[in-house]
Structures are given as structure tokens and as C-alpha cells.
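Chain residues, written in single-letter form:
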Amino acid sequence: MTKKEFLSKVPDIIDHKVWGYAELEIVVDSKEQKGVCYRHKDKTASCGTYGSTWNEVFESLNEHLVKEGYIK
């Protein structure tokens, strides 16, 4: 999966049940590692995950987003 494909499959913004709205942020995008989180206005983060490929990151993030009810 490419970065573009990953970004098309996950929400840009979530409304966290406790901390409110957060925007998707790519925290690392190197050849060896990929990582994302949802960043809140107060600079805290939710749902962060890392992997060696965008597919690994997607699988982990998607599982969490489904479990928490952000996506179906």
C-alpha cells in the first residue's frame, strides 16, 4: 500500500470521546518506518501507531478506529 492509498482509507479528523477533535498527522515517513497519530489542538495525541510499511500502519490503526467506533 502506498502512502496515498493509506491516506485515502483513513479519516482525516476524528472526534475523540474524551479529548475532542484531532487531525491525522504523519509523525514519521522513512524507508524503514512509518508512523501516524491523531493530533489535538493542545498538542496531545491519540491512536498513534507505527509499522515498517503503510499496510502495517493501516491494519493497526484501522483495528483501533473500528474498535473505538470511529469507523465501521
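Values in this document were obtained by computation on a predicted structure and should not be read as measured data.

Caption draft 1: Quick look at unusual backbone geometry. The backbone phi angle of Lys 43 is positive, close to 75°, even though this residue is not glycine. Tracing the backbone shows Lys 43 in the loop between β3 (34-40) and β4 (45-51). Overall, Lys 43 belongs to the exposed group, its relative accessible area being 64%.

Caption draft 2: Examining the packing of aromatic side chains more closely. Evaluation of the coordinates by the stated rule reveals one aromatic pair. Sitting above the plane of the Tyr 70 ring, Lys 17 keeps its charged end 5.5 Å from the centroid.

Caption draft 3: Summary view of the sheet that holds strand β1 (residues 13-16). Spatially, the four strands line up as an open sheet ordered β1-β2-β3-β4, and their pairing is antiparallel. Two strands lie at the open edges of the sheet, namely β1 and β4, each paired on one side alone. Each neighbouring strand pair of the sheet contributes to a mean axis angle of 25°, computed without reference to strand direction. Direction of pairing for β1 relative to strand β2 (residues 20-29): antiparallel, over a ladder of four bridges. Across the sheet, Ile 14 pairs through a bridge with Ala 22, a residue of β2. Packed on one face of the sheet, helix α2 (residues 54-67) meets β1, β2, β3 and β4 and runs near 145° to β4.

Rules used throughout
- Residues numbered from 1 in each chain as written.
- Predicted model: local features only at pLDDT ≥ 70, side-chain atom pairs only at ≥ 80, totals over all residues.
- Heavy atoms only, no water.
- Helix = DSSP H or I, 4+ residues; strand = E, 2+ residues; numbered from the N terminus.
- Buried < 20%, exposed > 50% of the residue type's maximum accessible area, 1.4 Å probe, protein only.
- Phe/Tyr/Trp six-rings, centres within 6.5 Å; stacked < 30°, edge-to-face > 60°.
- Lys NZ or Arg CZ within 6 Å of the ring centre and 35° of its normal.
- Pairing = 2+ DSSP bridges.
- Axes fitted to C-alpha atoms, helices over the stretch in contact; angles between N-to-C directions.
- Contact = heavy atoms within 4.5 Å.

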